[in-house]
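# Coordinate analysis (summary)
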Amino acid sequence: MSAPPKTVLHATEEEAEAIRQAVRTVDVSALGPGRERADLHHVPGLVALLSDERVSGPIYDLPRPITEESITRWVAENQAQMLSGDALLIVNLDDIGQVAGYSRISVWPERSSAEIAGAIRADLQNMGQGGTGMIRSFSWIFEALGVRLMCLTAALDNVRSQKGIDAAGFRRMGEREAVRPDGTTRRSVYWEMTRDEWRARHTL
Ligand SMILES: CC(C)(COP(=O)(O)OP(=O)(O)OC[C@H]1O[C@@H](n2cnc3c(N)ncnc32)[C@H](O)[C@@H]1OP(=O)(O)O)[C@@H](O)C(=O)NCCC(=O)NCCS
């Protein structure tokens with residue numbers, strides 16, 4: 001399951017509540033065309049997307065196996081977490097309304113921290129969308145959700161993710177045992193970046 005950053009920040013009550021409120025209410029369409037908060041009517045599209053190992057294989061925190069039932073439960077759990085301000089599950093729809101990608105943002109408001117995982121459909125991979133999407137998403141998480149710290153993990157052999165995350169300027173901080181929902185673990189590269197570091201690198 002997604003785990004908060006190694007670095008521990010403490011948010012004030014006001015800061016934590018502002019982050020929760022942003023998670024509940026923020027307009028996700030600012031992330032790009034076709035972005036929507038996941039809803040139960042997206043379940044068939046998500047099952048089709050995530051049934052492809054080229055899409056879901058590298059992601060440790062998805063329910064397994066991928067079935068109509070497991071994804072229905074996952075979307076419902078995420079909807080509850082969106083209401084409590086602790087997570088955002090966002091689908092990316094293509095121009096004919098099919099689910100072409102997703103992002104799940106875990107948020108720890110009391111630690112002013114967040115993590116993101118996501119994937120794009122296999123036919124859209126390797127065309128530069130992932131790299132640009134990562135930069136847009138990281139920026140949006142810092143600025144629209146208001147967290148001060150992000151962490152990320154990627155499988156040791158996930159070269160594409162590692163390249164995108166390094167290119168965005170995240171700091172490698174060793175490795176981490178990512179825990180899957182079934183309790184098994186996966187060794188991962190681990191990164192962090194603060195909002196101040198992000199702003200210094202991307203807005204000056
Ligand atoms: C990871 C993912 C989001 C990357 O998006 P993408 O659009 O496919 O990747 P990009 O085209 O932006 O390429 C990213 C980088 O990897 C490089 N790359 C691609 N395939 C590579 C390979 N086999 N070996 C080395 N580098 C490779 C690209 O050249 C690019 O580097 P550059 O920016 O220096 O040119 C996407 O592939 C995906 O959804 N994968 C499955 C799920 C996943 O791994 N999610 C992330 C979990 S942390």
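All figures in this text were calculated on a predicted structure; none of them were measured in a lab.

### Examining the environment of Glu36
Inspection of the secondary structure assignment puts Glu36 in strand 1 (residues 35–37). Each C-alpha atom of the pair Glu36 and Leu93 lies 7.8 Å from the other, and the pair is 57 residues apart in sequence. In this structure Glu36 touches Val28, His41, His42, Leu89, Ile90, Val91 and Leu93, once residues within four positions along its chain are discounted.

### Some points on the packing of helix 5 (residues 129–145) against helix 7 (residues 195–202)
A pair of packed helices is captured by two measures, namely the crossing angle of their axes and the spacing between those axes. Packing of helix 5 against helix 7 leaves a shortest axis separation of 10 Å and a crossing angle of 130°. Taken together, the axis directions place helix 5 and helix 7 in an arrangement best described as oblique. Relative to helix 7, helix 5 is oriented so that their crossing is left-handed. Contact with helix 5, carried on its side by Ile135, Phe138, Ser139, Phe142 and Glu143, involves Arg195, Trp198, Arg199 and His202 of helix 7 and no other residues of that element. The residue inventory of the contact of helix 5 with helix 7, partitioned by class, reads four nonpolar, two polar and three charged.

### Focus: helix 5
For helix 5, which comprises 17 residues, the first-to-last C-alpha distance of 22 Å matches the rise-based estimate of 24 Å (1.5 Å per residue) to within 8%. If you check which residues of helix 5 are buried, you get Gly133, Met134, Ser137, Phe138, Trp140, Ile141, Phe142 and Leu145. At the exit of helix 5 stands Gly146, carrying a positive phi of roughly 85°.

### A word on the sheet that holds strand 5 (residues 149–155)
By way of backbone hydrogen bonds, the strands of a sheet pair with one another, either parallel or antiparallel. The strand order across the open sheet formed by seven strands is 1-2-3-4-5-7-6, and the pairing between neighbours is mixed. Across the chains shown, the open sheet's two edge strands, defined by having one partner strand only, are strand 1 and strand 6 (171–179). When strand polarity is set aside, the average angle formed by the axes of neighbouring strands in this sheet is 30°. Along the sheet, helix 1 (residues 13–25) makes contact with strand 1, strand 2 (87–93) and strand 3 (99–108), crossing strand 1 at roughly 110°. Relative to strand 3, helix 2 (residues 43–50) is tilted by about 95°, and along the sheet it contacts strand 2 and strand 3.

Thresholds, definitions, all that
Sequence order as written defines residue numbering, which begins from 1 separately in each chain. Totals for whole chains, interfaces and linings use all residues, but because this is a predicted model, local features are given only for residues with pLDDT of at least 70 and pairs of side-chain atoms are given and counted only at 80 or more. Side-chain numbers here rest on the full set of heavy atoms in the structure, without hydrogens or water. The way it works is that DSSP assigns letters per residue, a run of H or I at least four long becomes a helix, a run of E at least two long becomes a strand, and they are numbered from the N terminus. Contact definition: two residues touch when any of their heavy atoms are within 4.5 Å. To obtain an axis, a line is fitted to C-alpha atoms, over the contacting stretch when the element is a helix, and the angle between two such axes runs from 0 to 180 degrees between their N-to-C directions. Each angle gets one of four labels, with under 35 degrees taken as roughly parallel, over 145 as roughly antiparallel, 65 to 115 as roughly perpendicular, and the rest as oblique. Working rule for handedness: look at the near helix, and if it is turned counterclockwise from the far one by less than a right angle, call the crossing left-handed; if clockwise, right-handed. When residue character is reported, Ala, Val, Leu, Ile, Met, Phe, Trp, Tyr, Cys and Pro are called nonpolar, Asp, Glu, Lys and Arg charged, and the others, Gly included, polar. Working rule for helices: expected span equals 1.5 Å times residues minus one. Per-residue accessibility, obtained with a 1.4 Å probe over protein chains only, is compared with the maximum for each type, and a residue is labelled buried under 20%, exposed over 50%, and partly exposed between these values. In short, DSSP must find at least two bridges between two strands for them to pair.

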